[in-house]
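Below, each chain spelled out in residue letters.
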Number of protein chains: 2
Amino acid sequence: MAIDPDTLLAMPPIVTRQRLTRRDTILYALGIGATELDFLFEERLKALPTMAVTLGYPGFFWRDPALGANWQKILHGEQSTILHAPLPVEGEIIGSTMIEALYDKGAGKGALAMVTREIHDRAGTHLATSRSMTFLRGDGGFGGSSEGAPVPHPLPDRAPDAVVTLATAANQAQIYRLSGDLNPLHIDPEVAAGAGFDGPILHGLATYGAIGRALLAARCAGDPARLKRIDGRFSAPVYPGETIETSIWDEEGGKLAFRARVVERDRIVFTNGYAETA
Amino acid sequence: MAIDPDTLLAMPPIVTRQRLTRRDTILYALGIGATELDFLFEERLKALPTMAVTLGYPGFFWRDPALGANWQKILHGEQSTILHAPLPVEGEIIGSTMIEALYDKGAGKGALAMVTREIHDRAGTHLATSRSMTFLRGDGGFGGSSEGAPVPHPLPDRAPDAVVTLATAANQAQIYRLSGDLNPLHIDPEVAAGAGFDGPILHGLATYGAIGRALLAARCAGDPARLKRIDGRFSAPVYPGETIETSIWDEEGGKLAFRARVVERDRIVFTNGYAETA
């Protein structure tokens, strides 16, 4: 069984309706370790921009045999989130997910799927666009091209303009998974060992959320409406309890380059970061 | 306005229906700082016995003007929870709450209300009985008697047989409140200052849950089905981030006496504890 690009690209959009509550919005914030009351107290609640990655999310659809993917070998490679409007703290959310593009890195290397989700509220307001570059390690060589794949944002070759250090809690993944990604890799030591890890790893998107908090604090005065876009590439997992240090470089017009490392293991965990702020 | 004992005791039961989910059960466990996967991982989930205090809970009903209580002066004085069956991790729960008894400590001292909630599942299984001794500090002298009020369980005058130390997280109250008690006292520094505290305090019932974890670990081999009853008296608040040390004395037949203190301030926070185990 192998993937058929025509089938994947012609797949009808997966429409996902979600009733978001203030409790969900607070739980997301706790899941990425937020400590600011604006993100935790329902009476003055704001939504964190990175919460978009959980909104209208269809779940891990690659397991559908009709898609023909070697789903066990799939990794979340890159994430891009564009905010078109401040996210609501409650209400009905509609996600529409499709495979926007496929790139072939070759039989030995794998395929890349650009999975795009448009997120709207019930009134039709376009809230956000989430693009995940999904790395199908077992599905390269389907006869496609790798041309046109997104180019990683280059990082400047100089000292960063800001560095933000944020702790993660030992139970960070246990909290984050209540926002919807119940993959046992993030809680079950046996599953984690089977996947070659020393223990359950933090969700990549929880790391992504923590980095979003760093950008918000360092360059948006904590105002979620000012963070417009957050892109980048997952390069290594974080273990819950580790410290994430985000290095930020200012570019023109409120644009930022960034990357993050785990302090304890001096390991880059997220790189080629690109953000837009207002 | 003052309380009228006949009105309060004749109040019809408040029936509260709740749809409990595995996510709720996990969130309760996270709210009391549980770290054992049995209480956090939906694939092998067990409910913590102290979760009963959140089940079928009608909310803070004393604000109803028909009851005539000085609700601003009310404190949760004591809690007793009797488990009749292991709690489910999901399903429909029905709570039936009534004021079982009233005691008059005198005009200067206050009144005590015994608020009893019987908790059943949809099939009619009697799961638990929760009794809260509610201290109405502004409602003493209503013409009643203090006779028959529950007598605090005496603590032995010897060294404890077991001591269990459990950390609480800085965001413990922020997590616990998602189990239903949204009193801003536990998150808003201004409200906490107005009530005379140095900062938001942990929910008494979150402290109670942490003590339940200590009893479970020290005397029930972690098996929630073996903890049958947990009673005691709140004597001082805990601040999130503090360490709770529970001292346990063995009595005959699997019965326990216990109390808890905050290590950092050497303050007894829960006393006259009484538990039954199997």
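Data block above holds the structure.
First, a word on scope: everything that follows refers to the structure included in this document. (Residues numbered from 1 in each chain as written. Chains lettered and ligands numbered in written order. Predicted model: local features only at pLDDT ≥ 70, side-chain atom pairs only at ≥ 80, totals over all residues. Heavy atoms only, no water.)

**Brief notes about the environment of A:Glu100**
All names here are of chain A.
Logical step 1: As for its position among the elements, Glu100 is in strand β3 (residues 91-104).
Logical step 2: Its relative accessible area of 38% is what places Glu100 among the partly exposed residues.
Logical step 3: Between the C-alpha atom of Glu100 and that of Pro12, which follows or precedes it by 88 residues, the distance is 11 Å.
Logical step 4: In this view, Glu100 contacts Leu9, Met114, Thr116 and Arg131; residues no more than four positions away in its chain are not counted.
Logical step 5: Of note is the side chain of Glu100, whose polar atom sits 2.3 Å from the side chain of Thr116. (Helix = DSSP H or I, 4+ residues; strand = E, 2+ residues; numbered from the N terminus. Buried < 20%, exposed > 50% of the residue type's maximum accessible area, 1.4 Å probe, protein only. Contact = heavy atoms within 4.5 Å. Polar contact = N/O pair within 3.5 Å; in protein donor to acceptor, adjacent residues only side chain to side chain.)

**Points about the nonpolar core**
Logical step 1: Counting residues in each nonpolar core, the largest one holds 118 residues, and the members touching the most others are A:Leu87, A:Leu215, B:Leu87 and B:Leu215.
Logical step 2: Every residue in contact with B:Leu87, bar those within four places of it in the chain, is listed here: B:Ala47, B:Leu48, B:Pro49, B:Met51, B:Ala52, B:Leu55, B:Leu127 and B:Ala128. (Core = buried A, V, L, I, M, F, W, Y, C linked by side-chain atoms within 4.5 Å.)

**Describing the interface of chain A and chain B**
Logical step 1: Each partner contributes residues to the interface: chain A has 21 residues there, and chain B has 21 residues.
Logical step 2: Interface area for chain A against chain B, summed over the two sides, is near 2,000 Å², with a carbon-plus-sulfur share of 59%.
Logical step 3: Close ionic contact of B:Arg177 with A:Glu42 constitutes a salt bridge, the shortest N to O distance being 2.7 Å.
Logical step 4: Inspection of the region where chain A meets chain B yields six residue pairs in polar contact (both at pLDDT 80 or more).
Logical step 5: Mapped by element, the contributors of at least two residues to the side of chain A that touches chain B are α2 (22-31) and α3 (172-176) of chain A.
Logical step 6: Counting residues per element, the side of chain A that touches chain B draws most heavily on α2(A), at five residues. (Buried area = accessible area lost by both parts, 1.4 Å probe. Salt bridge = Lys/Arg side-chain N within 4 Å of Asp/Glu carboxyl O.)

**A look at the packing of α2(A) against helix α2 (residues 22-31) of chain B**
Logical step 1: One way to put it is that α2(A) packs onto α2(B) with a least axis distance of 14 Å and a crossing angle of 50 degrees. It follows that α2(A) is oblique to α2(B) by the angle criterion. Considering how the two elements wind past one another, α2(A) and α2(B) form a crossing that is left-handed. On α2(B), the residues that touch A:Arg23, A:Asp24 and A:Leu27 of α2(A) are B:Arg23, B:Asp24 and B:Leu27.
Logical step 2: Here the contact of α2(A) with α2(B) is composed, by residue class, of two nonpolar, no polar and four charged. (Axes fitted to C-alpha atoms, helices over the stretch in contact; angles between N-to-C directions. Parallel < 35°, antiparallel > 145°, perpendicular 65-115°, else oblique. Left-handed = near helix turned anticlockwise from the far one by under 90°. Nonpolar A, V, L, I, M, F, W, Y, C, P; charged D, E, K, R; others polar.)

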